[in-house]
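# Geometric and topological summary
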Amino acid sequence: MNVVRYDTRAVLSGLPDDPYGAVGLPIYATAAFAFSSLEEGARRFATGEGYTYSRAQNPTNQALEERLAALEGAADAAVFASGQAATLSAVIALAQSGDEVIAATGLFGQTTGLFNHVLGLMGINVHYVPAERDAVAEVLSDRTRAIFVETLSNPDLSIPDFEGIAALAEAHGIAFIVDNTFGAVGALARPLTLGAHVVVESLTKWASGHGSVLGGTVLARRTDLWQRYAPYTTPDAEGKTLWSTFGPQAYMARVRQLGLSLMGMTLSPFHAYLIFQGLETLPLRVERASRTAMELATFLQGHPKVLKVRCPALPQDPSHERAKRYFRAFGTLLTIEVEEGSEGAARVLDKCRLLQAPNVGDVRTLVVHPWTTTHGRLSEPARLKAGVKPGLIRISVGLEDPEDLKAWLGECLA
Ligand SMILES: *Cc1c(COP(=O)(O)O)cnc(C)c1O
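Anyway, here's the lowdown on the structure attached to this text.

Thresholds applied
- What you see as residue numbers is a count from 1 along each chain, following the sequence as written.
- The predicted origin of the model limits local features to residues at a pLDDT of at least 70 and limits the giving and counting of side-chain atom pairs to 80 or more, whereas totals for whole chains, interfaces and linings rest on all residues.
- In computing side-chain properties, one takes all heavy atoms of the structure into account and sets aside hydrogens as well as water.
- Using only the protein atoms, space was sampled on a 1 Å grid; points where a 1.4 Å probe fits but cannot get out form cavities, open sets with protein on both sides within 12 Å along at least five of seven lines form pockets, and lining residues are those with an atom within 4 Å of a point.
- Grid points are joined across faces, edges and corners, and a volume is the space filled by probe spheres set on the points.
- Charged means Asp, Glu, Lys or Arg here, nonpolar means Ala, Val, Leu, Ile, Met, Phe, Trp, Tyr, Cys or Pro, and polar covers whatever is left, Gly included.
- By definition, no residue in a patch forms a salt bridge, and every one has over 30% relative accessible area; like charges are joined within 9 Å, nonpolar side chains (Val, Leu, Ile, Met, Phe, Trp, Tyr) within 5 Å.
- Note on areas: Shrake-Rupley with a 1.4 Å probe; residue coverage comes only from the protein chains shown.
- Counted as salt bridges are all cases of a side-chain nitrogen of Lys or Arg within 4 Å of a carboxyl oxygen of Asp or Glu.
- A run of DSSP states H or I qualifies as a helix once it reaches four residues; a run of E qualifies as a strand once it reaches two. Both are numbered from the N-terminal end.
- Residues are treated as being in contact if the distance between any of their heavy atoms lies within 4.5 Å.
- Disulfide assignment relies on a single distance test, namely cysteine sulfur atoms paired within 2.5 Å.
- Only protein chains enter the accessibility calculation, which uses a 1.4 Å probe. A residue is then buried if its area is under 20% of the maximum for its type, exposed if over 50%, and partly exposed in between.
- Here the expected length of a helix is defined as 1.5 Å per residue gap, with one fewer gap than residues.
- Under the rule applied, a polar contact is a pair of N or O atoms within 3.5 Å (in protein, one hydrogen donor and one hydrogen acceptor; residues adjacent in sequence only if both atoms are side-chain atoms).
- Each aromatic pair joins two rings of Phe, Tyr and Trp (for Trp, the six-membered one) with centres within 6.5 Å, and gets the label stacked for planes under 30 degrees apart, edge-to-face for over 60, and tilted for any other angle.
- A ring is scored as having a charge over it whenever the NZ atom of a lysine or the CZ atom of an arginine sits within 6 Å of its centre and within 35 degrees of its normal.
- Two strands are said to pair when DSSP picks up at least two bridges between them.

On to empty space enclosed by the protein, then. What the rule picks out here adds up to three cavities of 30 Å³ or more. Considered as a void within the structure, the largest cavity measures approximately 60 Å³ in volume. Of the residues assigned to the lining of the largest cavity, the class counts are five nonpolar, four polar and two charged.

A few words now on a nonpolar patch on the surface. A cluster of nonpolar side chains, Val11, Leu12 and Leu15, forms an exposed patch at the surface whose accessible area comes to about 210 Å². Mapping valine 11 onto the fold places it in helix H1 (residues 6-12).

What follows concerns the environment of alanine 90. By secondary structure assignment, the location of alanine 90 is in helix H4 (residues 83-92). As for alanine 90 and glycine 14, which are separated by 76 residues in sequence, their C-alpha atoms are 22 Å apart. Beyond its immediate sequence surroundings of up to four residues, alanine 90 is in contact with Ile177, Val198, Val200, Val218, Tyr251 and Val255.

Right, let's get into the state of the cysteines. As used in these notes, a disulfide is a covalent bond between sulfur atoms, one from each of two cysteines. All chains considered together, the criterion is met by zero disulfides. Free cysteine cysteine 311: the closest other cysteine sulfur is in cysteine 412, separated by 17 Å. In this model cysteine 352 remains outside any disulfide bridge; the closest cysteine sulfur is found in cysteine 412, 3.4 Å from its own. Overall, the relative accessible area of 14% leaves cysteine 352 in the buried class.

A few words on helix H11 (residues 269-280). For H11, built from twelve residues, the straight-helix expectation of 16 Å at 1.5 Å per residue is met to within 8% by its first-to-last C-alpha distance of 17 Å. Along H11, the positions that sit buried rather than exposed are Pro269, Ala272, Ile275, Phe276, Gly278 and Leu279. Between a side-chain oxygen at the N-terminus of H11 and the backbone nitrogen of phenylalanine 270 the separation is 3.1 Å; the capping residue is serine 268.

Opposite charge on two side chains makes pairing possible when the charged atoms of those side chains draw close. Inspection of every chain in the model, using the stated rule, returns 20 salt bridges. For aspartate 156, the salt bridge goes to arginine 310, with nearest N and O atoms at 3.9 Å. Here arginine 310 lies in strand S8 (residues 306-310) and aspartate 156 lies in the loop between strand S4 (144-150) and helix H7 (162-172), a separation of 154 residues in the sequence. Overall, the relative accessible area of 13% leaves arginine 310 in the buried class. In this structure, the salt-bridge partner of glutamate 340 is arginine 347, at a minimum N-O distance of 2.6 Å. Relative accessible area serves as the criterion here: at 54%, glutamate 340 is assigned to the exposed category. Via salt bridges that share partners, Glu40, Arg43, Arg44 and Glu49 belong to a single interconnected network.

With that settled, the discussion passes to the packing of aromatic side chains. In total, this model carries eight aromatic pairs according to the counting rule given. A ring pair is formed by phenylalanine 115 and phenylalanine 148, whose centres lie 5.1 Å apart and whose planes are at 85°; its orientation type is edge-to-face. Residue phenylalanine 115 is found in helix H5 (residues 109-121), and its partner phenylalanine 148 is found in strand S4; the two are separated by 33 residues along the sequence. Across the pair, exposure class does not vary: phenylalanine 115 and phenylalanine 148 are buried alike. Geometrically, the ring pair formed by tryptophan 226 and tyrosine 229 is tilted, given 6.1 Å between the ring centres and 55° between the ring planes. Here a set of aromatic residues connected by ring pairs shows up, and it is made of Trp226, Tyr229, Tyr232 and Tyr251. The side chain of arginine 67 reaches across the aromatic face of phenylalanine 276, ending 3.5 Å from its centre.

Within the open sheet, the five strands sit side by side as S8-S9-S12-S11-S10. Their pairing is mixed. Every interior strand has two partners, whereas the edge strands, S8 and strand S10 (355-356), have only one. Of the pairings in the sheet, the one linking S10 to strand S11 (residues 366-368) comprises two bridges and is parallel in character. In the sheet register, glutamine 356 faces S11, and the bridge partner there is valine 367.

Spelled out as structure tokens, the structure:
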């Protein structure tokens, strides 16, 4: 399926063979799977092939995994109950107590929380630096197990030096992990083709597309890198290692074992179905909303009440060149800064006909005031460092008619 083009993969990949010829994806609403014999049960448990129990694997979830892998250009994928669950599983499959992770400053707030609080409990230390090659190189040590960045930081809208960091990671034999939530499952960016070893993402956003369910995924390409990590080469009681059993697929085997089999952060097959269906319109949604975002950015840039507009589509935007290099479109997000800080933002948003909600990638345009909501728990200096100012408003553009959006934004800015 990988040979066909992206938009074709979005609608055809992952569909299982169905005994009734179902054209849509069947939902396997079952906790367990029956074996034809004792021997068959023993074989499934020993090899991990075939289905046993839905905490570990389910045919509906597997169809979604195949579709996601086809869209991101990954060899293997696993799906989870949320983006948070995927991020945690991806990192703890590589790092243990005493290890270090290098992460980009300005990460999604709950990712920073997860790293500081949960990885902290496990004795894993995270260093935060800008997502630039030299800044990462400065804090590399022989304990670094992963470099973690986001495709497009939020709400700062900066794009990392993918190629520089990938080259550094390769040279030092360290895993390069990209949170590609804002890359929209490859409709905007495909970090695995830019040198990342692992991609994590929230499927709650553009993948589902309708703001109706939560989900997450870990995707990986196959690489010999895992041989360099202790958990993959430490023999078990029978003298076998993850590397000797699974080879280049060892990483995803461990991600599944930790995150799904042991921790049970499993996606419901009903939600897998909705996300699978959401992916079918993903390329169209991203293309249309990106065009509208560009139109709105241009409109707002000329507005007397707007101090500043950020959108990678604008030629003078600091992210424009990297977006041109790495993205298929400029994306569906923009931010504006209005006068008089939080009070000014309240005057605009409280009059606004657009929905105020902390989500992105929805079919509906959503606006939010990051200073008091998504980033409200950070200290004031930390917010400013992440590019969050009191007068900043984030707009996640949906599928409404651009003329209506311009009229509504014009109304609330007046
Ligand atoms: C939303 C989001 C997450 C977390 O995903 P959930 O599905 O909400 O758990 C992680 N990273 C980024 C960039 C996000 O936007």
